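Results of the structural survey
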Amino acid sequence: MKPLGQITVVCGSMYAGKSEELIRLARRALYAKKTVQVFKPSVDRRYDETMVVTHMGVRHEAVPVSSVDELRSKASPDTQVFCIEEAQFFDSSIVDFAVEMADAGKEVVLAGLDQDFRREPFGPMPELLCAADEVIKLRAICVKCGRPASHTYRQVDGRPAHRDDPIVLIGATDSYEARCRACHRLRGKPNKRPTTS
Ligand code: ADP
Ligand code: ZN
């Protein structure tokens, strides 16, 4: 029988441990003697261009790609486990890639921010969460009160970011913090959510 593929999505706020979990799963697959490829969007120049590096400095080699098409062109047919970092920065065709690969018997692990600093869904993450067989949602610790944090707070010039501030893809990490819902702050009126009929 052909191996049964699966999609695992690791999500949560910044500092929740998504990269650590992705690296843990990649290493585990290597111990199981599976062939693994790790990809990350080349927009993420946080620490190192060809590595996934966590906030604690744990690192793993990763292939930087600027689009899903480039990811596809660098995906080897022999790979059994695809690990994809910062999945929120890819367009929605990442969902098709994940589903195709899982249908073909591959394991696909995607880590990404489920919410942006406005606490709104980030890029293709909602669709990925929907397509996933397994969802691992992690929480950081709120830097203000020490309780579990599901949100990413953004500070601009010493003040909470305005809702309409452009989403800086990867910025100075010191302007982002993990915060709980009680401590999260944002300027500007909430957008009205689209009504569903
Ligand atoms: P993510 O990929 O979700 O941004 P990382 O895997 O890069 O997270 O880093 C997670 C690690 O960051 C934690 O294990 C912890 O050591 C460290 N860390 C720093 N700040 C925080 C925080 N506010 N809450 C939890 N962990 C934190
Ligand atoms: Zn808090």
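Rules used in this analysis
Residues numbered from 1 in each chain as written. Chains lettered and ligands numbered in written order. Predicted model: local features only at pLDDT ≥ 70, side-chain atom pairs only at ≥ 80, totals over all residues. Heavy atoms only, no water. Helix = DSSP H or I, 4+ residues; strand = E, 2+ residues; numbered from the N terminus. Contact = heavy atoms within 4.5 Å. Buried < 20%, exposed > 50% of the residue type's maximum accessible area, 1.4 Å probe, protein only. Patch = residues over 30% accessible without salt bridge, like charges linked within 9 Å, V, L, I, M, F, W, Y side chains within 5 Å. Areas by Shrake-Rupley, 256 points an atom, 1.4 Å probe, with all protein chains shown as cover. Salt bridge = Lys/Arg side-chain N within 4 Å of Asp/Glu carboxyl O. Lys, Arg positive; Asp, Glu negative; His and termini not counted. Charge placed at Lys NZ, Arg CZ, Asp CG, Glu CD. Phe/Tyr/Trp six-rings, centres within 6.5 Å; stacked < 30°, edge-to-face > 60°. Lys NZ or Arg CZ within 6 Å of the ring centre and 35° of its normal. Core = buried A, V, L, I, M, F, W, Y, C linked by side-chain atoms within 4.5 Å.

As for its position among the elements, S13 is in the loop between β1 (6-12) and α1 (18-31). What S13 contacts, discounting residues up to four positions off in sequence, is K18, L113, D114, L138, A140, A149, S150, H151, T152 and A178.

To continue, consider unusual backbone geometry. Negative phi characterises most residues that are not glycine, and trans characterises most peptide bonds. Positive phi values are uncommon outside glycine, yet K33 reaches one of about 60°. Position of K33 among the secondary structure elements: in the loop between α1 and β2 (36-41). A positive phi is found at R119, a non-glycine position, where the angle reads about 70°. Relative to the helices and strands, R119 is located in the loop between β7 (107-113) and α4 (125-131). For R119, a relative accessible area of 34% gives the class partly exposed.

Another aspect to go through is a negative patch on the surface. Residues D69, D91, D96 and E127 make up a contiguous surface patch of negative charge. Position of D91 relative to the elements: it lies in the loop between β6 (81-84) and α3 (93-103). Under the relative-accessibility criterion, D91 is labelled partly exposed at 48%.

Before going further, it helps to spend a moment on the packing of aromatic side chains. Taken as a whole and assessed by the stated rule, the structure comprises three aromatic pairs. An angle of 25° between the planes, with centres 6.4 Å apart, marks the rings of F39 and F82 as stacked. One end of the pair, F39, is in strand β2; the other, F82, is in strand β6, with 43 residues separating them in the sequence. For the pair F39 and F82, one class covers both residues: buried. Judged by centre distance (5.8 Å) and plane angle (85°), the ring pair of F89 and F122 falls under edge-to-face. Taken together, the positions of F89 in the loop between β6 and α3 and F122 in the loop between β7 and α4 put the pair 33 residues apart, joining distant regions of the chain. Judged by its relative accessible area of 18%, F89 falls in the buried class. Here the aromatic cluster, defined as three or more aromatic residues joined through ring pairs, consists of F39, F82 and F97. The ring of Y153 carries R179 above its face, with NZ or CZ at 3.5 Å from the centroid.

Attention now moves to the nonpolar core. Ranked by size, the top nonpolar core spans 28 residues in total, and within it V9, L71, I84, I94, F97, L110 and L128 carry the most contacts. Where this core is concerned, the elements lending two or more residues are β1, α2 (68-74), β6, α3, β7 and α4. With six residues, α3 is the single largest residue contributor to this core. In this structure, I84 is in contact with L22, F39, L71, F90, I94, F97, V108, V109, L110 and A111, ignoring residues within four places of it in sequence. The next biggest cluster of nonpolar side chains, apart from the first, holds 20 residues, and it includes I136, C142, A149 and A178.

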